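Summary of structural features
If you want the building blocks of each chain, they are given just below.
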Amino acid sequence: MPEVLDTVVRVVAVLAAFLVLPLAVGQAEHKVMAHMQGRLGPMYAGGFHGWAQLVADGVKFVQKEDVTPAAADGRVFRLAPGVALVPYLVAMAAIPLAPGVVGADLDAGLLFVLAASAVAVLGTLMAGWSSANKYALLGGLRTAAQLLSYELPVVLGASSVAMAAGTLSLTGIGEAWRPWWMVWQLPALVCFFVGGVAELARPPFDMPVADSEIVFGPYTEYTGLRFAFFLLSEYAGIVVLAAMTTVLFLGGWHGPGPDGAWWMLLKTALVSVLVIWVRVAWPRLREDQLQTLAWKVLVPLALVQLVLTAVVAVGIAS
Amino acid sequence: MLFALLGVVAASSGVLAVVSRQVVHAALWLVTALGALAGCYLVLGAEVVALVQVLVYVGAIVVLVLFALMLTRAPIGRSADLDSPWQQRLAAGVVAAGTTGLLAAVLLTGVRGRVVDVDAARSASQPLARSLFGSWVLPFEVLSLLLLAALVAALVLSRERTGAPEPDAD
């Protein structure tokens, strides 16, 4: 019976984190962007600084009509938001907040999270194709091209840390982490973080949803709750990216003073704000700049980092 | 039990991928087939292999397939020209049946009656890496050379077809 209870508590906790954290990031984006751009943002709903704006948005999305275009491929079109959203829920289950504070402690947790996030992008591709809209198709194409280029830096950056720690388990990597890794693994951190932001198609890598060129890319035809699911999956992606960056590169639950899950939450929040900050700070990259950055900067950097990690790791071991 | 269920899902979505007359649906059924195969590995205790299967096949190869489809032509609805003539179907059926028979014969005679316990510890990442880069390192490296050769050959073929490369071509 205690085992069943343990499982139920873990499942409920992961579900709660999945429902709360992306919304918190969404609210933070409203507020942080408004302040950085010297404007107010939503201020009226709910009274204090418009805290209820998110609730109002949710109610609005629920009320909207759920339209499936007549020319669209209905089944794929309706399935796509789920395919985009659910993998992040699955990925969150494997990310530890502290040793033992995790949905499922896996031997290959790093691979698990990477594989789950890779599936999420399929949802965007399905949306882009099935909408029967040329803007959506262009957006889907751009998503795929971007993903193919940036998957490599992400995986190489993550594998550098895995080599340094000698394990694929996220708890193990977090435990093996030492503060000087922030210097030694800095190139891998850059590759992982930049590649991660690009895979989420967040600005400045938002060519796939470039609103001034192709309306809203793959999501152009979506309305109501299905559209909201895509937005939510973007925020869930930010949470997963920030949490992974924290566990792999920033020491997770370690910190000055007592270790604990609250360090993990604090660092994840800070990295999420950084993702939002990047959106405000840089203009959109062009397609050729995008590919140049991936293939001429990030991939060579990641390969050099891998060699460095291998040499240092072998040096320490011998 | 779970293994049998996943096997049925994998096999039937594989058949659907071949039979489907909508080219993108075929690619999506392929995703289901590969995912169910990963599930089979997982049930057999090979966690790392299952995750790599998802990461590489679903995350990279199917994305590449979808990208190529969208770049060339991916009409919504059925494409009549995807139907092959009956001779080709017959030949494909014969080849498929032959392969199935061969594999079934080898496996049935090879492992008949033997029961192997599912041992998750043996297929964890470290023992797996040790055997991959220990006893299996030569086939592994030969395979990577083979892939490199295929890559170079593909480049050469695509260059020859277009003739002299234009100065401002990508």
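This text gives an overview of the structure that appears in the document.

Across soluble globular proteins, nonpolar side chains have a tendency to be buried as a group. Residues and elements named next belong to chain A. Of all hydrophobic cores here, the largest spans 106 residues; its most connected members are Ile95, Leu110, Phe192, Met244 and Leu248. Residue contributions to this core peak at 15 residues, all from helix H10 (residues 224–249). Aside from chain neighbours lying at most four places away, what touches leucine 110 is Ala158, Ala162, Leu168, Leu170, Ile173, Met244 and Leu248.

Another point: the packing of H10 of chain A against helix H11 (residues 261–281) of chain A. All names here are of chain A. Put simply, H10 and H11 touch, their axes get as near as 8 Å, and they point 120° apart. It follows that H10 is oblique to H11 by the angle criterion. Seen from above, H10 lies across H11 with right-handed handedness. Where H10 approaches H11, its residues Ile238, Val239, Leu241, Ala242, Ala243, Thr245, Thr246 and Val247 are matched on the opposing element by Met264, Lys267, Thr268, Val271, Ser272 and Val275. Within the contact of H10 with H11, the residues separate by chemical class into 9 nonpolar, 4 polar and 1 charged.

We now examine the pattern of salt bridges. When the charged atoms of two side chains lie near each other, side chains of opposite charge can form a pair. Residues and elements named next belong to chain A. Tallied over the full model, the rule gives 6 salt bridges over all chains. The partner of glutamate 234 in a salt bridge is arginine 202, and the shortest N-O contact between them spans 2.8 Å. A residue pair is termed long-range when its members are at least 10 positions apart, and glutamate 234 in helix H10 and arginine 202 in the loop between helix H8 (186–199) and helix H9 (211–214) qualify at 32 residues. Neither residue differs from the other here; glutamate 234 and arginine 202 are each classed as buried. Among the ionic contacts, a cluster of salt bridges with common partners joins Glu29, Arg202, Glu234 and Arg279.

On the chain A side, the residues contacting the 27 residues of chain B number 30 residues. Of the roughly 2400 Å² buried at the junction of chain B and chain A (both faces included), carbon and sulfur atoms supply 80%. Run the count over chain B and chain A and you get 0 salt bridges. Taken together, the connections running from chain B to chain A amount to 0 residue pairs in polar contact (both at pLDDT 80 or more). Broken down by secondary-structure element, the contributors of at least two residues to the side of chain B that touches chain A are helix H2 (23–43), helix H3 (47–72) and helix H5 (125–132) of chain B.

How each quantity is defined
Residues numbered from 1 in each chain as written. Chains lettered and ligands numbered in written order. Predicted model: local features only at pLDDT ≥ 70, side-chain atom pairs only at ≥ 80, totals over all residues. Heavy atoms only, no water. Core = buried A, V, L, I, M, F, W, Y, C linked by side-chain atoms within 4.5 Å. Buried < 20%, exposed > 50% of the residue type's maximum accessible area, 1.4 Å probe, protein only. Helix = DSSP H or I, 4+ residues; strand = E, 2+ residues; numbered from the N terminus. Contact = heavy atoms within 4.5 Å. Axes fitted to C-alpha atoms, helices over the stretch in contact; angles between N-to-C directions. Parallel < 35°, antiparallel > 145°, perpendicular 65-115°, else oblique. Left-handed = near helix turned anticlockwise from the far one by under 90°. Nonpolar A, V, L, I, M, F, W, Y, C, P; charged D, E, K, R; others polar. Salt bridge = Lys/Arg side-chain N within 4 Å of Asp/Glu carboxyl O. Buried area = accessible area lost by both parts, 1.4 Å probe. Polar contact = N/O pair within 3.5 Å; in protein donor to acceptor, adjacent residues only side chain to side chain.

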